Amino acid sequence: MTANGWFQIGFYLLVIVLVTKPMGVFITRVFNREKTFLDAILRPIEKLIYRLTGIDEKREMRWTEYAIAMLMFSGVSMALLYLIERTQKWLPFNPQKSANVDPALAFGTAASFTTNTNWQAYSGESTMSYFTQMAGLAYHNFVSAAVGIVLAIAVIRGIARRETDKLGNFWVDTTRCLLWVLLPICVVGSLVFVSQGVVHNLKPYTTVELIQPYTAQITGADGKTTTQTVTQQVIAQGPVASQEVIKEFGTNGGGFFGANSAHPFENPTPLSNFFQLALILAIPSGLTYTLGRMTGSQRHGWAVWAAMAFLFLAAVTAAYWAEAKGNSLLAGTDQHASALQSGGNMEGKEVRFGITNSALFATVTTDASCGAVNSQHDSFTPLGGMIPLINIMLGEVVFGGVGAGLYGIFVFVVLAVFIAGLMVGRTPEYLGKKIESYDVKMAMLAVLVLTFTILSFSAVSVVKPYGTSSISNPGPHGLSQILYAYVSSTGNNGSAFGGLSVNTMWYNTTTAVAQLLGRFFMIIPVLAIAGSLAKKKIVPESAGTFPVTGGLFSGLLVSTILIVGALTFFPALSLGPILEHLLMNAGKVF
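Definitions and limits used
Residues numbered from 1 in each chain as written. Predicted model: local features only at pLDDT ≥ 70, side-chain atom pairs only at ≥ 80, totals over all residues. Heavy atoms only, no water. Phe/Tyr/Trp six-rings, centres within 6.5 Å; stacked < 30°, edge-to-face > 60°. Helix = DSSP H or I, 4+ residues; strand = E, 2+ residues; numbered from the N terminus. Buried < 20%, exposed > 50% of the residue type's maximum accessible area, 1.4 Å probe, protein only. Lys NZ or Arg CZ within 6 Å of the ring centre and 35° of its normal. Salt bridge = Lys/Arg side-chain N within 4 Å of Asp/Glu carboxyl O. Expected span 1.5 Å × (residues − 1). Contact = heavy atoms within 4.5 Å. Patch = residues over 30% accessible without salt bridge, like charges linked within 9 Å, V, L, I, M, F, W, Y side chains within 5 Å. Areas by Shrake-Rupley, 256 points an atom, 1.4 Å probe, with all protein chains shown as cover. Bend = angle between axes of the 7 residues up to and from the residue. Polar contact = N/O pair within 3.5 Å; in protein donor to acceptor, adjacent residues only side chain to side chain. Core = buried A, V, L, I, M, F, W, Y, C linked by side-chain atoms within 4.5 Å. Axes fitted to C-alpha atoms, helices over the stretch in contact; angles between N-to-C directions. Left-handed = near helix turned anticlockwise from the far one by under 90°. Nonpolar A, V, L, I, M, F, W, Y, C, P; charged D, E, K, R; others polar.

Let us now look at the packing of aromatic side chains. With the rule as written, the count across this model stands at 24 aromatic pairs. Considering the side-chain rings of Y289 and W302, the 5.9 Å spacing of their centres and the 75° angle between planes classify their relative orientation as edge-to-face. Placement of Y289 in helix α9 (residues 270-295) and of W302 in helix α10 (residues 298-325) is noted, with a sequence separation of 13 residues between them. The buried category is assigned to Y289, whose relative accessible area is 7%. A relative accessible area of 33% places W302 in the partly exposed class. Taking the centre distance of 6.4 Å and the plane angle of 70° together, the rings of F312 and F399 count as edge-to-face. Note that F312 is positioned in helix α10 and F399 in the loop between α12 (382-393) and α13 (404-424), a separation of 87 residues in sequence. We note that F312, like F399, is buried. The ring of W180 has R176 sitting right over it, with the charged end atom 4.2 Å from the ring centre.

Structural data, given as structure tokens:
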């Protein structure tokens, strides 16, 4: 670890702090229907959309209506993406003549992008046409992110309102989110990426002659291996920049290329790398300020932010330390950072990003439900690779995805307040509203659904041939690969260790089911709690009221997240990365 590395991490967190308030204020104004500087341009477009679609922008919905509208919208969008994938061979903008996507892969991808998971069991540049990338995947990058944001807003309204059963209008909220929050930043951000060298065109792939041809072993369809001299290389390109910005800003993570943000056409410079990192946490961090502003308790919003920031710093410190320390099996070699080398464990990392930005990116992308990667998590040290795994296991509430992080941590807030109430022997209260048995049951349902889904699918996969046949490493690392796949899918993250062959019927199907359960069986209980809170009266504070605005609350919230989130998966972690670390130190490799 170096002073320069810590400076980069500190500077990044400072930027996130500075972005939090303006982003939070703007989001609040958008959803409170207050005047913004974009109204003159966007308000006529918004009215036209409502007129064409028959939406009554003044009508609000109960939580059940809100949930049904969201489910219908997501279902139709998923079916549309599946149809595009299955027919892309005959659709326009397909200069590479990409074939129709296999049914199982198309289903898995459609579920993945609909749920904001963006799990990719394929390499984008060799599987998807430009039309599928733009009209299918990029469309979902926008709308799935918007759905997450508006659901967080609905939850905040449930906390802030009293004696009502209305949480807003899903169609109006989604429209305003797309027009005011996502599109403007993405237009500007795509130009920033182009300025850094991110490609953006509709040209066919370019074939170039190699300066130095090389020989390679080629295995044919008959299974026979022949030696061939390779003299050409195909350079993939396409409409990347416009999709790169929403990939990060919407915490989607699905890359245009299989190498994702490690590819020089997606992430060519240190500045583009930093910009991507800033985009990932901009909205999740801003929503904590929105929470405080809309509920009338700004100190509570900052208390939630402080809990998230503490967990973020703990995670990035552990990941940075583990990767900078290097591999104990290489004892005797110089693994220290110097002017001539990055030091530490550089396997699977880009030299232009080094240890610091690889560890930081891995932490940020799994703190959020983003899933973009600029290094290979499968190549991290056991403890370094455990950090992204734990981040997702916690429910991705350390800032989290756009909207998903806020309503995810809201579940832990309810549990923390309930525990505090038990400690003092009185009915728990949250911002003046009593937390009752119904609210706690819904919160536990959300937690248990995630845990059950992850552990059930992982357990089957580690004992059945159709699960174990896909791992690239035996032993504890193979367990980590399988566990990471279902943790990432259920947590709607989308990143992968990278060593698991998931383009199979089993993994395409089960990860898709995990993604759908992790998204919608999390959302519905949370909306139910929001609907319950909206109906309640405000209870005056008393001497026994547990404050949710200070360090004590932040500490209790962090403790609840760690106990409920981390300890649930401790046995699995003990058999995976922890055991691998101990065996590595004993000289055992896999």
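The subject of this paragraph is the pattern of salt bridges. Counted according to the given criterion, the structure contains 19 salt bridges. The residue E248 makes a salt bridge to K247 at a minimum N-O spacing of 3.6 Å. Like K247, E248 is buried. The shortest N-O distance in the salt bridge between E350 and R352 comes to 2.5 Å.

Quick look at helix α18 (residues 551-566) now. One full turn of an α-helix is made of 3.6 residues, so residues set three or four places apart face in the same direction. Compared with the 22 Å implied by 1.5 Å per residue over 16 residues, the 21 Å span of α18 between its first and last C-alpha is a close match. When α18 is considered as a whole, its buried residues turn out to be F553, S554, L556, L557, V558, T560, I561, G565 and A566. Next to the buried residues of α18 lie α10, α12, α13 and α19 (570-585).

Our focus in this paragraph is a nonpolar patch on the surface. Together, F7, F11, L14 and L18 line one region of the surface with nonpolar side chains, adding up to about 430 Å² of accessible area. Summarising the element assignment, L14 is placed in helix α1 (residues 3-31). Since its relative accessible area comes to 44%, L14 is described here as partly exposed.

This next bit is on the environment of L483. Take L483: it is sitting in helix α16 (residues 475-490). For the pair L483 and V155, spaced 328 residues apart in the sequence, the C-alpha separation amounts to 30 Å.

Taking 1.5 Å of rise per residue, the 31 residues of helix α6 (residues 130-160) would be expected to cover 45 Å, and the 44 Å separating its terminal C-alpha atoms lies within 8% of that figure. Of all the bends in α6, the greatest measures close to 25° and is centred on L137. When you tally the buried positions in α6, you get 26 out of 31 residues, the bulk of the element.

Moving on, we come to the environment of A420. Within the secondary structure, A420 is located in helix α13. Spatially, the C-alpha atoms of A420 and G403 are 26 Å apart, while their sequence positions differ by 17 residues. Leaving out residues up to four positions away in the same chain, A420 has contacts with F546 and L556.

Inspection of the secondary structure puts T174 in helix α7 (residues 170-196). Of the residues examined, T174 reaches a relative accessible area of 5% and is grouped as buried. In terms of polar contacts, T174 uses its side chain to reach the backbone carbonyl oxygen of F170, at 2.8 Å. When near neighbours in sequence (up to four residues on either side) are disregarded, T174 contacts A146 and V150.

It is worth spelling out the nonpolar core at this point. It is characteristic of soluble globular proteins that their nonpolar side chains tend to be buried jointly. Core analysis: the biggest nonpolar cluster contains 143 residues, and L182 and I283 have the highest contact counts within it. Examining the composition of this core, we find that 15 residues originate from one element, α6, more than from any other. Once residues within four sequence positions are removed from consideration, I283 is found in contact with M23, I27, I149, V181, L182, F249 and V402. If you look at the next biggest cluster of nonpolar residues, it comprises 22 residues, including L81, F113, V502 and Y507.

Backbone phi values are negative for most residues with the exception of glycine, while trans is the configuration of most peptide bonds. Positive phi, normally seen in glycine, also occurs at K97, with a value near 55°. Looking at the secondary structure, you find K97 in the loop between α3 (63-87) and α4 (103-114). For K97, a relative accessible area of 69% gives the class exposed. Despite not being glycine, N492 shows a phi value in the positive range, around 55°. Structurally, N492 is set in the loop between α16 and α17 (505-534).

This brings us to the packing of α10 against helix α11 (residues 354-367). It is the contact of α10 with α11, at a shortest axis distance of 9 Å, that shows an interaxial angle of 140°. Crossing angle aside, the handedness with which α10 passes α11 is right-handed. Along the contact surface, α10 presents F312, A315, V316, A319, Y320, E323 and A324, while α11 presents I355, T356, A359, L360, T363, V364 and D367. Per-class residue counts for the contact of α10 with α11 are ten nonpolar, two polar and two charged.

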